[in-house]
Amino acid sequence: MAHSAVKNSSLKKRPAGKATAPGPAGGGPRGRTARRRRLANSVTIAAFLSPAMLLFALLVLVPILYALYTSLFKWGGFGAPENFVGLENFRTLFKDEVFLGDLWRGFVLIALSVGVQLPFALSMAVLLNQKLRGRAFYRLLFFAPYVLSEVITGVLFTMIFAPDSGLADHALDLVGLGDLGITWFADSSTVLVTLFLVMTWKYFGFHMILYMAGLQSIPRDVLEAAAIDGASAWQRFRHVTLPLLGPTIRISVFLSIIGAIQLFDLVWVITAGGPVHASETMAITMFQFGFKRYQVGYASAISVVMFLICFVFALVYQRYVLRRDLEGAVTSMRGRR
């Protein structure tokens, strides 16, 4: 009796074991449904991304690859490039004093933008973030130059800094400094500084708005707690506001540096790179060789160098400066999922 009872119990357990045993992976109707759903999602994603990817390939990737290809030729821009010279354009480029001067002037503009323009924009943002009468009007007034096109700005300041007849010279005459207003854009020793003043007037409002958006996102409870703990206004700004404003400052610095490297239209309208290449940038040198001298292969080499400078800088900046900000964004997105 005991042996038969054990045998019957083992027989009863076998069907249950078969029912609970896992089947092959993805072998049932649920697996096929999941595969169809993933395939449908992939097709939907591809359908939405394909127009943007096609435009990106046609308008960005293809021109970059074609510029890299034509930079290996001595080509005037007409017909198919045939005179292959290899890296000769790049060797000539890095021996050219004008291009080396472009690199130096770009570095000077970057240093002035990061060291002068951005701190000025931050100070104005902090000031206009306070409760002041008419602060909405001042915000609009300081941001308005950024809305103007570079061509309008260039023509405007060409008239303002015109020798002897410009508004700047008349203003200096009123304070007894008329001799200083003669060489605004006409002297190689003053043209770059004058251009930087125009750039600051044009672009600081954009960075000011960025900083104001960052300041308004800082919780006031944190600042009030620091004030209760006895922190002065400068200590609150130094140890609370600046660290919390760090992501905005890093993005502002990135945009300012990239803009200084690619600067073209404002300088072209005002000085066209003169006098004697004193205000010339890499973009202006590229334009001069490509559309004025019809040395398109050499101009393509300049464009490739500009692209590599921006690309390498963007990668390094993202890797070592924006890493914490990007990690926080990825973490928050994963958390929402």
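Because the structure is a prediction, the values reported are computed rather than measured.

Student: Honestly, the overall build of the chain in this entry has me stumped. Any pointers?
Tutor: When you go through the chain residue by residue, the secondary structure sums to 15 helices and zero strands. Out of the 337 residues in the chain, the part that is buried amounts to 33%. Within the chain, residue pairs in contact and separated by at least 24 positions form 65% of the contacts whose partners lie at least 6 positions apart. Taken as a whole, the chain presents about 21600 Å² of accessible surface, with 68% of it coming from carbon and sulfur.

Student: Quick question: what am I supposed to make of unusual backbone geometry here?
Tutor: Cis rather than trans, the peptide bond between Gly-274 and Pro-275 has omega equal to -5°. Residue placement: Pro-275 occurs in the loop between helix H12 (265-270) and helix H13 (282-292). Here the phi dihedral of Val-276 falls at roughly 55°; this positive angle occurs in a residue that is not glycine. Within the secondary structure, Val-276 is located in the loop between H12 and H13.

Student: Can you help me understand the pattern of salt bridges in this one?
Tutor: Opposite charge on two side chains makes pairing possible when the charged atoms of those side chains draw close. Scanning the model with the defined rule gives three salt bridges in all. Linking Arg-91 and Glu-88 is a salt bridge whose minimum nitrogen-to-oxygen distance equals 3.1 Å. With Arg-91 and Glu-88 both in helix H3 (residues 88-93) and three residues apart, this pair spans about one turn of that helix. Using a relative accessible area of 45% as the deciding quantity, one classes Arg-91 as partly exposed. Its relative accessible area of 36% is what places Glu-88 among the partly exposed residues.

Student: Please clarify how the environment of Phe-204 should be interpreted in this entry.
Tutor: Among the secondary structure elements, Phe-204 is positioned in helix H8 (residues 191-216). Here the alpha-carbon distance between Phe-204 and Phe-120, two residues 84 residues apart in the chain, equals 7.7 Å. Apart from the residues lying within four places of it in its own chain, the contact partners of Phe-204 are Gln-117, Phe-120, Ala-121, Met-124, Phe-142 and Met-199.

Student: I keep staring at H13 and nothing clicks. Help me out?
Tutor: Burial in H13 covers these residues: Met-282, Ala-283, Ile-284, Thr-285, Gln-288, Phe-289 and Gly-290. Buried positions along H13 lie against helix H4 (97-128), helix H11 (246-261), H12 and helix H14 (296-320). With its phi angle positive at about 55°, Tyr-294 sits one or two positions after the end of H13.

Student: Which parts of the structure should I look at to understand the packing of aromatic side chains?
Tutor: Two numbers describe a pair of aromatic rings. These are the distance of the centres and the angle of the planes. Counted according to the given criterion, the structure contains 28 aromatic pairs. Measuring from centroid to centroid gives 5.7 Å for Phe-137 and Tyr-138, while their planes differ by 65°, and the two rings are edge-to-face. In this structure, Arg-293 packs its charged tip against the face of Phe-289, placed 4.4 Å from the ring centre. Its guanidinium or amino end placed over the ring of Tyr-320, Arg-319 lies 5.2 Å from that ring's centre, counting from NZ or CZ.

Student: Could you clarify how one ought to interpret the packing of H4 against H8 in this entry?
Tutor: Where H4 meets H8, the axes come as close as 7 Å, and the angle between the chain directions of the two elements is 45°. With respect to H8, the axis of H4 lies oblique. Crossing geometry of H4 relative to H8 is assigned as right-handed. Partitioned by chemical class, the residues of the contact of H4 with H8 number 21 nonpolar, four polar and one charged.

Student: I would appreciate a short explanation of H8 in the present structure.
Tutor: Along an α-helix, residues three or four apart share an orientation, since each turn contains 3.6 residues. An ideal rise of 1.5 Å per residue puts 38 Å on 26 residues; H8 measures up with 37 Å between its terminal C-alpha atoms. Helix geometry: H8 is bent most strongly at Tyr-203, by close to 40°.

Student: When you look at the packing of H8 against H11 in this model, what are you seeing that I'm missing?
Tutor: Describing two packed helices takes the angle between their axes plus the distance from one axis to the other. Where H8 meets H11, the axes come as close as 9 Å, and the angle between the chain directions of the two elements is 165°. Put simply, H8 runs roughly antiparallel to H11. Seen from above, H8 lies across H11 with right-handed handedness. Between H8 and H11, the residues in contact are Phe-206, His-207, Leu-210, Tyr-211 and Gly-214 and Thr-248, Ile-249, Ser-252, Leu-255 and Ser-256, respectively. Among the residues making up the contact of H8 with H11, the classes are represented as five nonpolar, five polar and no charged.

Student: Which parts of the structure should I look at to understand the side chain of Glu-150?
Tutor: Its place among the elements puts Glu-150 in helix H6 (residues 150-160). At 3.0 Å, the side chain of Glu-150 forms a polar contact with the side chain of Tyr-203. For Glu-150, the residues in contact, after removing those within four places along its chain, are Lys-202, Tyr-203, Asp-265 and Leu-266.

Student: Any chance you could explain a positive patch on the surface here in plain terms?
Tutor: A surface patch of positive charge is lined by Arg-32, Arg-35, Arg-36, Arg-37 and Arg-38. For Arg-32, the location among the structural elements is in helix H2 (residues 29-70). Relative accessible area serves as the criterion here: at 36%, Arg-32 is assigned to the partly exposed category.

Student: Looking at this model, I keep getting lost on the side chain of Ser-300. Mind explaining?
Tutor: Along the chain, the position of Ser-300 falls in helix H14. Classification of Ser-300 as buried rests on a relative accessible area of 8%. When residues no more than four places from it in sequence are discounted, the contact partners of Ser-300 are Ala-67, Thr-70 and Ser-71.

Each value, and the rule that gives it
Residues numbered from 1 in each chain as written. Predicted model: local features only at pLDDT ≥ 70, side-chain atom pairs only at ≥ 80, totals over all residues. Heavy atoms only, no water. Helix = DSSP H or I, 4+ residues; strand = E, 2+ residues; numbered from the N terminus. Buried < 20%, exposed > 50% of the residue type's maximum accessible area, 1.4 Å probe, protein only. Contact = heavy atoms within 4.5 Å. Areas by Shrake-Rupley, 256 points an atom, 1.4 Å probe, with all protein chains shown as cover. Salt bridge = Lys/Arg side-chain N within 4 Å of Asp/Glu carboxyl O. Phe/Tyr/Trp six-rings, centres within 6.5 Å; stacked < 30°, edge-to-face > 60°. Lys NZ or Arg CZ within 6 Å of the ring centre and 35° of its normal. Axes fitted to C-alpha atoms, helices over the stretch in contact; angles between N-to-C directions. Parallel < 35°, antiparallel > 145°, perpendicular 65-115°, else oblique. Left-handed = near helix turned anticlockwise from the far one by under 90°. Nonpolar A, V, L, I, M, F, W, Y, C, P; charged D, E, K, R; others polar. Expected span 1.5 Å × (residues − 1). Bend = angle between axes of the 7 residues up to and from the residue. Polar contact = N/O pair within 3.5 Å; in protein donor to acceptor, adjacent residues only side chain to side chain. Patch = residues over 30% accessible without salt bridge, like charges linked within 9 Å, V, L, I, M, F, W, Y side chains within 5 Å. Lys, Arg positive; Asp, Glu negative; His and termini not counted. Charge placed at Lys NZ, Arg CZ, Asp CG, Glu CD.

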